[in-house]
Structure formats: C-alpha cells, structure tokens
Amino acid sequence: MREAEAVATNRANWDDRADVHARSKMYDVEGFLADRTEISTVVRNDLSVLTPHLPESGIQGLSLLHLQCHIGTDTISWARLGAADVHGLDFSPNSLAHATRIAKTDGSDITWVEGDARYASTLIDRHFDIVVTSAGTIVWLPDLTSWAQSIHDLLEPGGVFMIRDDHPILGAMEFEPWEITDDYLGGGGARTYEDSGTYTDNAAGAEIEHVTNHEWRHDLGEIIGSLLNAGLRIEAFTELPYMDWPAFSDLTPCPQGWTLTEKSHRIPLNFAVVARRPNRPNS
C-alpha cells in the first residue's frame, strides 16, 4: 500500500475514534467543561517534563502549538494554564470538529489547523515559543525527517519542543508472556492490523467502522537523531515508569496515569525528549 493511502486509512479510523472518544468516560468531556480548573492528566505529565526548561513565569503568556491534538482537551488544558495564542493541529477533520465544539463551550480561543504533522510548517505561517506532542502520536507518522524539520521551522529562535510518548520498546513486545514479537528498530515499513477497539471505553455502544490501522516503528535513535539533524539542540532525555492509558493488564493506576505493579519487571513505559532551537548567532 502506498504511504498516502495508509495515512488516509488511518485518518478514517481516527475520524471514527473521535466520536467514541468524545463520549467516553476516559475523556469525560462534560466533566472537563464543568470545571475550568481541570487540567488533563496528559498535560500535567507533559508540564512536569517541560517546566525545568521554561522561564520562571512558566507557560504564562508563551505561544504554543500542539501537534496531533485529537479532540482538543489537552490543547485547551494548555490554554487554561496560561499559554497564549494556542494552536492545535490534527489530520482528522472529525477530531477537529469535536475540538472546535469543546473549545467554544469552554470559551477558549484556540486556532485549529487540519493537516499532517510532518508538514505543519507549510500550513502555519508563524513561529511559537513552545511546540508539544505526546501520548500516542508518532507511530502514526511514516517518517520523522520532515516532522523534525517542521518543528524546527515553527519554533522561535530559543523556543522549546517537547515530546512525551509511549516507549518504542513496548511496540516490540507482547505481555502474556513478556517476549519480543515485533520490530523495535525503525525502517521496517508499516505494521498493519485490524482493530475495531480503541484505548477508551466503548461509549454508548459506539462502533468504529474503519478498522484498519497502519503504524510505523520509530526507535529512540531515530527520534533523537531526526531532531538533531533538523538543527535542534537536545536539552533532556528521560525514560519514565508510567504511561497515560492502560495498554496491558500488568498496569495499575498511579498519579501519572498507569504504571507496572511492584512484582513486574522494571521497564520504561514512556520516554520524553526536550529540545531547543538555538538562538540566532550574535543575538
């Protein structure tokens, strides 16, 4: 299958997922809108990674772009924290339709952009102090070269990028029993599978009609290398013992979301990278 067809197939799947997720207990959109002090768990985790790389005033007043924003609750959370001129980009028009509705109800002024995160800099004609992406994003991108260059080009000189995502080793493993069953290293092409489920509860019996998924493996060397090759400077890299969703049965709830039980082997569940676009010479 050609890359463009695979991406289009994924887009149809995420258009279906958006309806399910917007009604799910996991996203709890009604509860989120009822309490304007609520910040999503994803953004709380992201902020803990990002804060050491921000000025003393934190996120307040800084312009922010959220890549692969889905239905927008995380994007709105950044606005609630005080980010200014917030933009959210996603390739799923139905996801953005939900994001637009939720933001309007919340009273948040957010600019939504439809498009592929790899080419965001061709779709948005401005620069940002911060660009963020997290929680199940880059496996949906066929390659990271254009993605990383786009992030570089969208950042202000001195601006910061943060990615926090599922650790790529998890994609290579099955959990009952724990064993390697798939590629860890990238470059092996798309992994294609059929799945009518998603990571939230099946709200109101909703079904996903477009069940084909295409994912691309991106190992840590590729992720970090793509950012370095785009001209960004790596400021931090860490592997984390928690993740945002219960990907397998060995996980137990924790303040950051989900973590392994005390009896489990200790492996990373998330990784995080913070990178900065260097300031202009002699600035």
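This text goes with the structure placed above it.
Quick caveat, the model's predicted, so the values are computed rather than measured.

**Digging into unusual backbone geometry**
- Of note, Q68 is a non-glycine position whose phi angle comes to about 55°, a positive value.
- For Q68, the location among the structural elements is in the loop between β1 (63-67) and α4 (73-80).
- The backbone phi angle of H70 is positive, close to 55°, even though this residue is not glycine.
- Position of H70 among the secondary structure elements: in the loop between β1 and α4.

**Some details on the layout of surface pockets**
- Of the pockets and cavities examined, the second largest pocket occupies roughly 160 Å³.
- In terms of lining, the second largest pocket is formed by E239, L240, P241, T259, L260, T261, E262, S264, H265, R266, I267 and P268.
- Residue assignment for the lining of the second largest pocket shows that the elements contributing at least two residues are β10 (233-240) and β13 (257-260).

**Considering the nonpolar core**
- Within the largest apolar cluster, 34 residues are counted, with the highest numbers of intra-cluster contacts made by L50, I59, L64 and I130.
- Counting residues per element, the ones that place at least two in this core are α1 (3-22), α2 (29-34), α3 (41-50), α4, α5 (93-106), β4 (128-134), β5 (155-166) and β14 (270-276).
- The greatest single-element share of this core, amounting to 4 residues, is contributed by α5.
- If sequence neighbours within four positions are ignored, L50 has contacts with I59, W78, I130, V132, V160 and M162.

**Structural notes on the packing of aromatic side chains**
- Inspection of every chain in the model, using the stated rule, returns 2 aromatic pairs.
- Ring geometry for W14 versus W140: centroids 5.4 Å apart, planes at 85°, classification edge-to-face. Here the residue W14 occupies a position in helix α1, and W140 occupies one in the loop between β4 and α7 (145-154), the gap between them amounting to 126 residues.
- Relative accessible area serves as the criterion here: at 10%, W140 is assigned to the buried category.
- Taking 5.7 Å as the distance between ring centres and 80° as the angle between the ring planes, the aromatic pair formed by W147 and F161 counts as edge-to-face. In this pair, W147 is assigned in helix α7 and F161 in strand β5, connecting sequence segments 14 residues apart.
- Cation over ring: R126 sits above F128, and NZ or CZ is 4.3 Å from the ring centre.

**Looking at the environment of I138**
- The residue I138 is located in the loop between β4 and α7 in this model.
- Measuring from C-alpha to C-alpha, the distance between I138 and D166 comes to 9.3 Å, with 28 residues separating the pair along the chain.
- Contact partners of I138, with chain neighbours within four places excluded, come to Q68, L144, W147, I163, D165, W216, H218, I223 and F271.

**Some words on α7**
- Along α7, the residues classified as buried are W147, A148, S150, I151, H152 and L154.
- Packing partners of the buried residues in α7 comprise β1, α6 (120-123), β4, β5 and α8 (220-229).

**Let's talk about α5**
- Here α5 contains 14 residues, and its C-alpha end-to-end distance of 20 Å stays within 8% of the 20 Å for a straight helix at 1.5 Å per residue.
- Listing the buried residues of α5 in full gives S95, L96, H98, A99, I102, A103 and D106. One side of α5 carries all its buried residues, which in axial view fall inside an arc of 155°. More than 90 degrees from the buried face of α5, the exposed residues found are K104 and T105.
- Looking at the packing, one finds that the buried side of α5 touches α1, α2, α4, β2 (84-90) and β3 (111-114).
- At the C-terminal side of α5, G107 shows a positive phi close to 80°.

What counts, and where the lines are drawn
Residues numbered from 1 in each chain as written. Predicted model: local features only at pLDDT ≥ 70, side-chain atom pairs only at ≥ 80, totals over all residues. Heavy atoms only, no water. Helix = DSSP H or I, 4+ residues; strand = E, 2+ residues; numbered from the N terminus. 1 Å grid on protein atoms, 1.4 Å probe; cavity = no way out; pocket = protein on both sides within 12 Å on 5 of 7 lines; lining within 4 Å. Points joined across faces, edges and corners; volume = space filled by probe spheres on them. Core = buried A, V, L, I, M, F, W, Y, C linked by side-chain atoms within 4.5 Å. Buried < 20%, exposed > 50% of the residue type's maximum accessible area, 1.4 Å probe, protein only. Contact = heavy atoms within 4.5 Å. Phe/Tyr/Trp six-rings, centres within 6.5 Å; stacked < 30°, edge-to-face > 60°. Lys NZ or Arg CZ within 6 Å of the ring centre and 35° of its normal. Expected span 1.5 Å × (residues − 1). Arc of directions from axis to C-beta.

In short, the description is geometric, and any link to function would need to be established separately.
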